[in-house]
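Residue strings, one per chain:
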Amino acid sequence: MRAINPPNISLNDVLNTCIGSISSDELSTKLNAIIPSLMFAERDYIIKVATSDLFQIPAFTRGDHAIVTGNVTKKELKDLYSSHMVPASKPARVYYDQIKMLAPLSICPFCGFGHVTTLDHYLPKAKYPLLSVLPNNLVASCTDCNKGKNDETASTKQQQCLHPYYDQGHYILEQWLYAEVEESSPASLKFNVNPPAHWSHDDKVRIQTHFTSFKLANRFRVQAATELPVLKGELEYDFTSAHTNGVRQALQRKFFAASSQHVNWWKSAMYQALANSDWYCSGGFR
Ligand SMILES: [Zn+2]
């Protein structure tokens, strides 16, 4: 996961711009009437997210035509996003684009390698319609993380995946992602989560939830499988000049370079595992 600075965009501005592009007077009147409820939902979100307690916000489990608040249905709240914030022709698209651009180098913060193509609702709009256009609930994401995420509603702290705007600090700075070399032909890597012993039990389970929810074990494995053939050519050179130690030193340098950028990058875990494998360094790379 990668940390991102939260958007500095006012919900009130987003709402006024979205509602301003609605042609039906009846709908815009209904939506204007619930702005206080939407602002209240924002305050509640900001308070709860600071202590990783978003799971305490009750999910709205009724159908699209059910009233959520005032006289506004779930579908009307979902459409506020889909029809008035996403389309390129709508003025509120400017906020969508601003949030998308918060991800450095357009790298998806959830997986740390995918290219940002969309925005993800951290709490999905289908279950949290009051948060459908809340900027702090919208996070730049790759398509795989957005579509593949397990959208089960969390009912405990531990069942929540990490929030790139708020779950930073030790999740980013301390190593929890590791890999093991599988001595196969060709070699492959198996990624796993092993958080530091001093973390709280909740944090240890949460990082595993994140890893499982975004199916990162398999997705990292595929990334590594495309990188290993490229690496093989480079390591042949190191092996010819300095044998096993030359290969190990080359991999240690790569590990150092990768982990100084992102400790929990799949590349960091891969180079570390390869450098630690006697089998790989002594010729397994072939
Ligand atoms: Zn992703």
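You'll find the structure just up there.
The rules we used
Residues numbered from 1 in each chain as written. Predicted model: local features only at pLDDT ≥ 70, side-chain atom pairs only at ≥ 80, totals over all residues. Heavy atoms only, no water. Donors = N, O, S within 2.8 Å, 3.2 Å for Na, K, Ca; no water. Tetrahedral: all angles 85-135°; square planar, octahedral: opposite > 155°, others 65-115°. Buried < 20%, exposed > 50% of the residue type's maximum accessible area, 1.4 Å probe, protein only. Core = buried A, V, L, I, M, F, W, Y, C linked by side-chain atoms within 4.5 Å. Helix = DSSP H or I, 4+ residues; strand = E, 2+ residues; numbered from the N terminus. Domains from an automatic or database assignment. Contact = heavy atoms within 4.5 Å. Phe/Tyr/Trp six-rings, centres within 6.5 Å; stacked < 30°, edge-to-face > 60°.

Colleague: I'd love a proper account of the coordination of the zinc ion, names of residues and values included.
Modeller: Summarising the metal site, the zinc ion is bound by the protein donors Cys108 (SG), Cys111 (SG), Cys142 (SG) and Cys145 (SG), whose distances to it range over 2.3 Å. Taken together, the 4 donor atoms coordinating the zinc ion and their angles of 104 to 113° define a geometry best described as tetrahedral. Donor residues for the zinc ion sit on one chain with the sequence pattern C-x2-C-x30-C-x2-C. Using a relative accessible area of 3% as the deciding quantity, one classes Cys111 as buried.

Colleague: Mind laying out the nonpolar core, listing which residues take part and the relevant values?
Modeller: Core analysis: the biggest nonpolar cluster contains 82 residues, and Met85, Leu189, Phe191 and Leu251 have the highest contact counts within it. Top contributing element to this core by residue count: helix α9 (residues 216-261), with 11 residues. For this core, the two domains that each supply at least three residues are domain 1 (11-154) and domain 2 (170-284). Those residues in contact with Met85 that lie beyond four places of it in its chain are Val14, Cys18, Leu80, Ala92, Arg93, Tyr95, Tyr96, Ile99, Val133 and Leu138.

Colleague: How would you sum up the packing of aromatic side chains? Please name residues and give values.
Modeller: Centre-to-centre distance and the angle between the planes together describe a pair of aromatic rings. Here the structure, examined in full by the defined rule, presents 9 aromatic pairs. On the numbers, 5.0 Å between centres and 25° between planes, the contact of Phe110 with Phe214 is stacked. Of the two residues, Phe110 sits in the loop between α5 (93-100) and β3 (118-121) while Phe214 sits in the loop between α8 (201-213) and α9, which places them 104 residues apart along the sequence. Taken individually, Phe110 and Phe214 each receive the classification buried, so the pair is uniform in this respect. Each residue in the set Phe113, Phe191, Phe211 and Phe220 is aromatic and connected to the rest through ring pairs, giving one cluster.

Any functional reading would require information beyond the geometric quantities listed.
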